[in-house]
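Listed below are the residues making up each chain.
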Amino acid sequence: MCGIIGYTGSENAVPRLLEGLRTLEYRGYDSAGIAIFSEKNSLTGIKSKGRIENLEAKLSYFPDASVSHCGIGHTRWATHGEPSDINSHPHGTPRVYIVHNGIIENYAELKDFLISQGYTFSSQTDTEAAALMIDYCYNLTQNPADAILSAVKRFKGSYAIGAVFSSEPGKIYAIRKDNPLIAAISSDGCFIASDLPAVLKYTDNYMRIDEGELAVVEQSGIKIYSPDKTEVKRDFKKAEWDVSCATKGEYPHFMLKEIHEEPTALFQTLYPIISDGMPNFDSAGLNDTRLKKFKKIYVVACGTAMHAGLVGKFIAEKMARVPLEVEIASEFRYKNPILDKTDMVIIISQSGETADSLAALRLAKQCGAYTLGVVNVPGSSVAREADGVIYTHAGPEIAVASTKAYTVQLGIMYLFAFRLAYAHEKMDSSQLRKYTQELITSVPELIHKILDTQSECAAISKKYKNAHSAFFIGRGLDYALSSEAALKLKEISYIHSEAYAAGELKHGTLSLVCEDTPVFAFAGCADLLDKTISNLREVRARGGKVVLICQQGFQVPSDSYDDILYLPSCDQMFTIFPAATIAQLIAYYTSLELGRDIDRPRNLAKSVTVE
Ligand code: AGP
């Protein structure tokens, strides 16, 4: 949602703050700002609407920016108040500045109280109310830690806050509720950050700050306190990721780099879960006896992660003959779901911090269901709060549009469905080993083949880049993929795109297909091909342009499509993996043709940590 960073140490703080903010931009990029200590230990806030370059341009007017050794920074995804200089963070007073990720839901009530105490407001943000409440509490306590701990007791909502007080030069205070926060130590000082990539250039030694804990960060080190101010001893962890993960390398965009990482990411994710040639979920407390007992299984997630659940549903029900429901987390959390201890809820989340998914997890646990997190970020909230966790090992996904995370989430869902089928005796051990072997060895190769011919996707993107709208259709597994394909195109090219069951288009929506409307049709499965071909003819008869994505070797009449992209021949159960890469590449190259901000599409953020 937003990104926060802080540094205190022997080096100039501003370059480190800016480097951290550039890495955190994927969490929000409507505006950016910093608060730094001057040489005379006064606090200065500098902030600007728009990208970090705008902030950098302002710094030249602040001599302190070249000599400060301690400060905090923020990159914003606007929730309360439009993107503007005045609504940018940090917010505060000459006595205390804060940066904030999250939402203070009762900010209006706090604002009324503070105004009654003589405070005035300049911005439309909830964060300013939080900052002035901390200032108010500091006035009462004359102690930064007490001020923060008493102020947050009055907050309703979610927050990860970094704060600096003019009375405590060189010190950074940080506290969190429902939003991620880490502290890290390097050879020349210490950091706070929303997540790990922001500090990887300087250190891989970090620790997570847990719910309600207060961190006090100085050049010499980090102290963690529980809400009752008891000091908490916390060991440092070594980051699994290195700084190259958080840089584009030779790629023009993070999205393209991350698409190219898919084969390796898939292997690195699946290999640790396989033993004796079979998927093994014992580490998540899921042996066959337990798997067999679940009466109902849900996947609850948002966006791309939810779309991975749609594929998981198809595969689990086909292979294991076990019902699996897919729920949108923001709906699930308010529908009073019928759940009990005989049910299992799988929360898929790349970031592990998505507010709706986290709330759904907590609700499922309250209902007594077994909760399993499928998460890409080590130690994230979903990973720590679920009953069991299966990590995907895709490495950090920086581009807002999720690609390699989707691929590895599919891989996990396939292995889960295979083991579930084995537990229910719908698959024997030799079949289980065969499918597992194919998934971990052949499927990455299928993706490589698509990456080797991505110029064909680029040509299709060039041809259809000016479409006003686009459709993605398919049947069965291909329909499940269509939802993700449509999201990819619309979220980075801004072309309205819709997924539809191929057989359903004629029941109304076909009226939207007119001359030159591109309809991308996935046909990876032979057993539904003839039916799909009929649908393609219906589209073409109305002037629509069909881009058919089907297996090499399929007999497809030439009058049923305008363009064709081939999938490598393989078991039709696995065609979704190369087909997903094609969908991602079409979205990428269309967005490139249109000159969109591919890694930072408008209005979006990578991790949506608010409702
Ligand atoms: C997909 O490209 C988007 N980035 C978005 O739909 C994302 O998948 C969704 O917000 C869920 O995020 P999560 O996996 O981190 O929970």
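Quick summary incoming for the structure in this document. As the structure is a prediction and not an experimental result, all values here were calculated from the model.

## Let's talk about helix α3 (residues 107–116)
Each full turn of the α-helix corresponds to 3.6 residues, which orients residues three or four apart in the same direction.
In step 1: If you check which residues of α3 are buried, you get L110, K111 and L114. The buried residues of α3 occupy an angular sector of 100 degrees when projected down its axis, which confines them to one face. Of the residues in α3, the exposed ones pointing more than 90 degrees away from the buried face are D112 and S116.
In step 2: Those residues of α3 hidden inside the fold are in contact with β6 (96–104) and α4 (126–141).
In step 3: G118 occupies a position one or two residues after α3 and carries a positive phi of about 100 degrees.

## Focus on the site of the ligand
In step 1: Not every one of the 14 residues close to the ligand is listed here, only the nearest: S349, S351, T354, V400 and E491.
In step 2: At 2.7 Å, a side-chain N or O of S351 approaches an oxygen atom of the ligand.
In step 3: Protein chains shield 91% of the accessible area of the ligand, which is 410 Å² for the free molecule.
In step 4: For the shell around the ligand, the secondary structure elements donating two or more residues are α9 (303–320) and α16 (477–493).

## Notes on the sheet that holds strand β14 (residues 231–232)
Two pairing modes exist for strands in a sheet, parallel and antiparallel, and in both the strands are linked by backbone hydrogen bonds.
In step 1: Read from one edge of the open sheet, seven strands run β5-β6-β7-β8-β12-β13-β14, paired in antiparallel fashion. The strands lining the two open edges of the sheet, one partner per strand, are β5 (91–92) and β14.
In step 2: In this sheet, β14 lies alongside strand β13 (residues 221–225) in antiparallel orientation, the contact comprising two bridges. From the neighbouring strand, I224 faces β14, where its bridge partner is V232.
In step 3: Here helix α5 (residues 144–152) sits on the sheet and contacts β7 (157–165), β8 (172–177) and β12 (214–218); the angle it forms with β8, its principal contact strand, is near 20 degrees.

## Re the packing of aromatic side chains
In step 1: All told, the structure shown has 18 aromatic pairs when counted by the stated rule.
In step 2: Ring geometry for F165 and Y173: centres 5.4 Å apart, planes at 80 degrees, overall edge-to-face. Each of the two residues, F165 as well as Y173, counts as buried.
In step 3: Summarising the aromatic geometry, the rings of F267 and Y271 are spaced 5.3 Å apart at their centres and angled 20 degrees between planes, so their arrangement reads as stacked.
In step 4: Through a chain of ring-to-ring contacts, the aromatic side chains of Y414, F418, Y435, F574 and F577 assemble into a single cluster.

## Quick look at the environment of I412
In step 1: The topology assignment puts I412 in helix α13 (residues 404–423).
In step 2: Its relative accessible area of 1% is what places I412 among the buried residues.
In step 3: I412 has contacts with T269, L270, I273, V374, I390 and T392, leaving out every residue within four places of it along the chain.

## Some points on the packing of α9 against α16
Angle between the axes and distance between the axes: these two values describe a pair of packed helices.
In step 1: Following both chains from N to C, one finds α9 and α16 inclined at 175 degrees, their axes separated by 8 Å at the closest point. Put simply, α9 runs roughly antiparallel to α16. Counting all contacts with α9, which are made through G303, T304, H307, L310, V311, F314 and I315, the residues of α16 involved are L477, A480, S483, E484, L487 and K488.
In step 2: Considered class by class, the residues forming the contact of α9 with α16 number seven nonpolar, four polar and two charged.

## A look at the pattern of salt bridges
Between side chains of opposite charge, a pair can form as their charged atoms come close.
In step 1: Tallied over the entire structure, the rule returns 38 salt bridges.
In step 2: The residue D288 makes a salt bridge to R419 at a minimum N-O spacing of 2.7 Å. With D288 in helix α8 (residues 288–293) and R419 in helix α13, this pair connects stretches of sequence that are 131 residues apart.
In step 3: Exposure remark for D288: the relative accessible area of 24% places this residue in the partly exposed category.
In step 4: The exposure class of R419 is buried, given its relative accessible area of 12%.
In step 5: The partner of E484 in a salt bridge is K488, and the shortest N-O contact between them spans 2.6 Å. One end of the pair is E484 and the other is K488, both in helix α16 and four residues apart, which spans about a single turn. Neither residue differs from the other here; E484 and K488 are each classed as buried.
In step 6: Here the salt bridges do not stand alone but share partners, grouping E19, R22, E56 and K201 into one network.

The rules behind the values
- Residues numbered from 1 in each chain as written.
- Predicted model: local features only at pLDDT ≥ 70, side-chain atom pairs only at ≥ 80, totals over all residues.
- Heavy atoms only, no water.
- Buried < 20%, exposed > 50% of the residue type's maximum accessible area, 1.4 Å probe, protein only.
- Helix = DSSP H or I, 4+ residues; strand = E, 2+ residues; numbered from the N terminus.
- Arc of directions from axis to C-beta.
- Contact = heavy atoms within 4.5 Å.
- Near = heavy atom within 4 Å.
- Polar contact = N/O pair within 3.5 Å; in protein donor to acceptor, adjacent residues only side chain to side chain.
- Areas by Shrake-Rupley, 256 points an atom, 1.4 Å probe, with all protein chains shown as cover.
- Pairing = 2+ DSSP bridges.
- Axes fitted to C-alpha atoms, helices over the stretch in contact; angles between N-to-C directions.
- Phe/Tyr/Trp six-rings, centres within 6.5 Å; stacked < 30°, edge-to-face > 60°.
- Parallel < 35°, antiparallel > 145°, perpendicular 65-115°, else oblique.
- Nonpolar A, V, L, I, M, F, W, Y, C, P; charged D, E, K, R; others polar.
- Salt bridge = Lys/Arg side-chain N within 4 Å of Asp/Glu carboxyl O.

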